[in-house]
Amino acid sequence: MLKLGVLLLVTGCSTAPSKWENIKDEGTFLVYRRQSLIGEESYSISSTKDSIIVKSLQGENERGRVTGVEAELHLDMNLEPSFYVNRRIKGNDTIVNLEVKRTGDSVSVWEKNRDFVKVKNSEFFPVHSNIPAGVEMMLYHYYFKQGGTGSIPILPRGEVSMNFIKKDTATIKGKKVPLDRYVVEGINWGGRTVWVDESQNLVALVKANTQIREYIKKGYEEAKPLFVQGNVEEEMSALAKYTKDLKGTQAKVKALVGGNLVDGLTDAAQEDMTLIITDGHISQIGKRSEVEIPDGAEVIDVTGKTLIPGLWDMHAHSNQVQWAPAYLAGGVTTFRDNGNELEFATSFRDAIAEGALGPDLLLAGMTDGAGIQGNGVVRARTVEEAKKVADLYSSNGYKQIKIYSSVTPELTKVLAEEGHKRGMTITGHVPNAIGNARGAIEAGMDMLSHRSRILTVLFPGQKVQDLGSNYILNNDISQEQIDEATAFLLEHKTVLDVTIALDVARAMPKGDVLESIEPDADRMAYELFEGKRFRTGLSPKRAKAAKADYIKAMGILGQFHKAGVPIVAGTDNIVPVFGLYLELETYQKYGGMTPLEALKCATIIPAKAMGLDKQTGTLEVGKEGDIAILDKNPLLDISNIRTVSAVLTNGNYYKSNPLWEAADFKPRE
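Source: prediction; values computed, not measured.

1. Thoughts on the nonpolar core
- Phe 348, Leu 455, Leu 458, Phe 560 and Tyr 587 are the most contacted members of the largest nonpolar core, which totals 148 residues.
- The element that contributes the greatest number of residues to this core is helix H13 (residues 540-562), accounting for eight residues.
- Other than its neighbours up to four places away in sequence, Leu 455 contacts Tyr 471, Ile 472, Ala 553, Ile 556, Leu 557 and Phe 560.
- Core analysis: the next-biggest nonpolar cluster, separate from the first, contains 44 residues, Val 54, Tyr 142, Met 162 and Tyr 182 among them.

Set out below in structure tokens:
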């Protein structure tokens, strides 16, 4: 593997004239989110006698949120950094994301919402998950200048490595342009795919953290399909490696012997049980003393452990394949991808269906309306486009159409009608133009996402925009309102994907880290720290109000649940696996649910919602072998679900610990 590293150790020995002397260069990268153009980054590179200065300015209009990022990097002629600052500009506010400064024998590092820290002066390159393309290009020039192997130590944490994959050819204005493809690891979780030209300048990169983004140098945009497909190929290659390393040979018959069993149906644990899985399905369940283990079966001793149905995450955006081993390690055996790039999502789903490592993957196809506030490249702006959207997702085997915020009321109805004709259900946001959950449901939506929009059902005729923030806290809500809303939801058989843990995370006070609400969150990959562990946070006053709002909201949602309104657990990418634990714990803590009721929200209820309750969701003879094996009984405390020690999906058995490592999570010692 070609890596960016030790090279920094030898730069000081160079005495040859630098090609960076008297340089003046500038350029532009186009910024895409899920293949939809949302902004540009302009950069410049200039030099004096003994230093190189790189400046970058990025502007985005991402779903109506206008932001900018400016960055400046100072390097010597050997490309060793001495100063870096990256600032986010939003309205009249400027937030420093990262500042790194070399002074004498030490290096000062300041990260968003963190205190300054000083480290010993050493070799490093400043890298963070939102590094601008112009600065990232200098990182790669450093590697190419040295032509060696190794890994670059980076600040504020970790290291970066680079692996040459192949030569590609892009067609630009009718001409064939050769490009080199690399996979770079250590910047974002799971790596990014990059392309450089013959002059070793960065041309394109595809990355994913909270969503897939494409950065393409102006003039190369017609090659976007090449870059999108190239990234899919590298992701599937990574998944194939995980599968080869971790799946191994699986026995046709497995016997889980001696464990306690929570079948997901009754509020009791059956002790000292044996469960037989044959060809991926549960074939026998009974007391250990009463079940005969078939000859040739793989016997797995689960004495002292608890078997539960495999968990579901009903609101994921699995933008890289590392979600597969991470989810399995946390006991998740099925997840719904609730909006992603079609090329990646279908390839990911199909690879798992054909035997690659991972939970079962169900797809909801993102669809939005016209305008800059739209999300993604698939749009329904006319009746004809809405029909084409339904055809697109139906022909690609999607279970659902996901409606996003800019779809008009008329086209919401068309999408619902066309989706239903093709056997798909309709999920998503309450569109802005409709503004209230009742209108979205009456337009044909079967499932709704996010409690802030869902609970507009309590206020008929009012729009979420008019209700304002913390509207649950700031309004007196009568029992009559709750009962009437409950009856409406039951009448329409509406499924609620409340993502309450997202509200819990967003209400954190400024400066708190995620483990203050989710104790295992510090086990995530370091590449996720910046956006996931170090939350932006709120002022103490705003955090207190936001918490009171979601607690009151969860009490109302708990009443919906007890009346029979289906609630499904989903995380919306707070952080893989750990967000699901937080979601279920919040159901129990503030929604008044028993541990079993909370567990059902991540097992049989989503299975029913997706029409798969005959195949999975409980531990019963004839169902698929989707099982999480825990060290403790979750019926005593729902937080015990985080003590997963192994998992079976479709009867394939995986121990938990090595999967954390494979998923780039860093378990505690």
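2. Points about helix H1 (residues 133-146)
- Relative to the 20 Å expected for 14 residues at 1.5 Å per residue, H1 spans 20 Å between its end C-alpha atoms, a close match to the ideal helical length.
- Of the residues making up H1, those classed as buried are Ala 133, Gly 134, Val 135, Glu 136, Met 137, Met 138, Leu 139, Tyr 140, His 141, Tyr 142, Tyr 143 and Phe 144.

3. Let's talk about the sheet that holds strand S27 (residues 495-497)
- The three strands are arranged S26-S27-S28 in an open sheet whose pairing can be described as parallel. This sheet does not close on itself; its edge strands, each paired only once, are strand S26 (447-449) and strand S28 (567-568).
- Across three bridges, S26 lies against S27 in parallel orientation. Note that in S27 the partner of Ser 449 across the bridge is Asp 497.

4. A closer look at the pattern of salt bridges
- Under the defined criterion, the tally for this structure stands at 29 salt bridges.
- Across the pair Arg 642 and Asp 520 runs a salt bridge, and its minimum N-O distance is 3.5 Å. Remark: Asp 520 occurs in the loop between helix H11 (500-506) and helix H12 (529-533) and Arg 642 occurs in the loop between strand S29 (627-630) and strand S30 (644-649); sequence separation between them is 122 residues.
- Three or more residues are tied together by salt bridges with common partners; here these are Lys 166, Asp 168, Arg 181, Glu 233 and Glu 234.

5. Some words on the packing of H13 against helix H14 (residues 578-591)
- Two elements in contact, H13 and H14, have axes separated by 8 Å at closest approach and are oriented at 85 degrees. Taken as axis vectors, H13 and H14 run roughly perpendicular relative to one another. In this structure, H13 uses Lys 547, Tyr 550, Ile 551, Met 554, Gly 555 and Gly 558 to contact H14, whose residues at the interface are Thr 586, Tyr 587, Tyr 590 and Gly 591.
- A per-class count over the contact of H13 with H14 returns five nonpolar, four polar and one charged.

6. Details of the packing of aromatic side chains
- On inspection of all chains with the given rule, the structure shows 13 aromatic pairs.
- With 5.3 Å between their ring centres and 70 degrees between their planes, Phe 164 and Tyr 182 make a pair best called edge-to-face. Here Tyr 182 lies in strand S12 (residues 175-185) and Phe 164 lies in strand S11 (residues 159-172), a separation of 18 residues in the sequence.
- Under the relative-accessibility criterion, Tyr 182 is labelled buried at 7%.
- The lysine or arginine in question, Arg 114, covers the ring of Phe 534, its NZ or CZ lying 4.4 Å from the ring centre.
- In this structure, Arg 438 is placed above the aromatic ring of Phe 488, and the distance from its NZ or CZ to the ring centre is 4.8 Å.

7. Overview of the sheet that holds strand S22 (residues 332-337)
- With respect to topology, five strands assemble into an open sheet ordered S21-S22-S23-S24-S25, the strand pairing being parallel. The open sheet has two edge strands with one neighbour each: strand S21 (311-316) and strand S25 (425-428). The sheet shows a mean angle of 25 degrees between the axes of neighbouring strands, direction not considered.
- Running at roughly 165 degrees to strand S23 (residues 360-367), helix H5 (residues 383-395) makes contact with S23 and strand S24 (400-403) of the sheet.
- Sitting on the sheet, helix H6 (residues 409-421) touches S23, S24 and S25, and the angle it makes with S25 is about 140 degrees.

8. Structural notes on H14
- Counted at 1.5 Å a residue, the expected span for H14 with its 14 residues is 20 Å, and the 19 Å between its end C-alpha atoms agrees.
- The buried fraction of H14 amounts to eleven of the 14 residues, a majority that puts the element mostly inside the structure.
- Those residues of H14 not exposed but buried are Phe 578, Gly 579, Leu 580, Tyr 581, Leu 582, Glu 583, Leu 584, Glu 585, Thr 586, Tyr 587 and Gly 591.
- Once H14 finishes, Gly 592 follows within two positions and takes phi at roughly 70 degrees, a positive value.

9. Focus: empty space enclosed by the protein
- Using the criterion set out here, one finds two cavities of 30 Å³ or more in the structure.
- Considering only enclosed or pocket space, the largest cavity measures out at about 70 Å³ in volume.
- Within the lining of the second largest cavity, the residues separate by chemical class into four nonpolar, three polar and one charged.

10. Brief notes about the environment of Asp 50
- Relative to the elements of secondary structure, Asp 50 occurs in the loop between strand S2 (36-47) and strand S3 (52-62).
- Judged by relative accessible area, Asp 50 falls into the exposed class, the value being 54%.
- When the C-alpha positions of Asp 50 and Trp 20 are compared, they lie 9.5 Å apart, and in sequence the two are 30 residues distant.

11. Details of unusual backbone geometry
- Residue Leu 155 is joined to Pro 156 through a cis peptide bond whose omega torsion reads 20 degrees.
- Of note, Asp 272 is a non-glycine position whose phi angle comes to about 55 degrees, a positive value.
- Looking at where Asp 272 falls in the secondary structure, it is placed in strand S17 (residues 270-278).
- Even without a glycine there, the phi angle at Asp 279 is positive, about 50 degrees.
- Considering the arrangement of structural elements, one finds Asp 279 in the loop between S17 and strand S18 (281-287).

12. Comments concerning the confidence of the model for the protein
- Confidence in the prediction of the protein, expressed as mean pLDDT, is 92, and 96% of residues score 70 or more.
- Taken as a whole, residues 1-16 scores under 50 in pLDDT and shows 52 contacts with residues more than four places along the chain or in a different chain.

13. Here we look at the pairing of S11
- Two elements, strand S10 (residues 152-155) and S11, share two bridges in a ladder whose sense is antiparallel. Bridging from a neighbouring strand, Pro 153 pairs with Glu 159 of S11.
- Connecting the antiparallel pair S10 and S11 is a turn made up of three residues, with Gly 158 showing a positive phi of about 90 degrees.
- The sheet contact formed by S11 and S12 spans eleven bridges and is antiparallel. When the bridges of S12 are listed, Ile 172 appears paired with Lys 175.
- Linking S11 to S12, which pair antiparallel, is a turn of two residues; within it Lys 173 sits at a positive phi near 50 degrees.

So, how was this worked out
- Residues numbered from 1 in each chain as written.
- Predicted model: local features only at pLDDT ≥ 70, side-chain atom pairs only at ≥ 80, totals over all residues.
- Heavy atoms only, no water.
- Core = buried A, V, L, I, M, F, W, Y, C linked by side-chain atoms within 4.5 Å.
- Buried < 20%, exposed > 50% of the residue type's maximum accessible area, 1.4 Å probe, protein only.
- Helix = DSSP H or I, 4+ residues; strand = E, 2+ residues; numbered from the N terminus.
- Contact = heavy atoms within 4.5 Å.
- Expected span 1.5 Å × (residues − 1).
- Pairing = 2+ DSSP bridges.
- Salt bridge = Lys/Arg side-chain N within 4 Å of Asp/Glu carboxyl O.
- Axes fitted to C-alpha atoms, helices over the stretch in contact; angles between N-to-C directions.
- Parallel < 35°, antiparallel > 145°, perpendicular 65-115°, else oblique.
- Nonpolar A, V, L, I, M, F, W, Y, C, P; charged D, E, K, R; others polar.
- Phe/Tyr/Trp six-rings, centres within 6.5 Å; stacked < 30°, edge-to-face > 60°.
- Lys NZ or Arg CZ within 6 Å of the ring centre and 35° of its normal.
- 1 Å grid on protein atoms, 1.4 Å probe; cavity = no way out; pocket = protein on both sides within 12 Å on 5 of 7 lines; lining within 4 Å.
- Points joined across faces, edges and corners; volume = space filled by probe spheres on them.
- pLDDT = per-residue confidence, 0-100.

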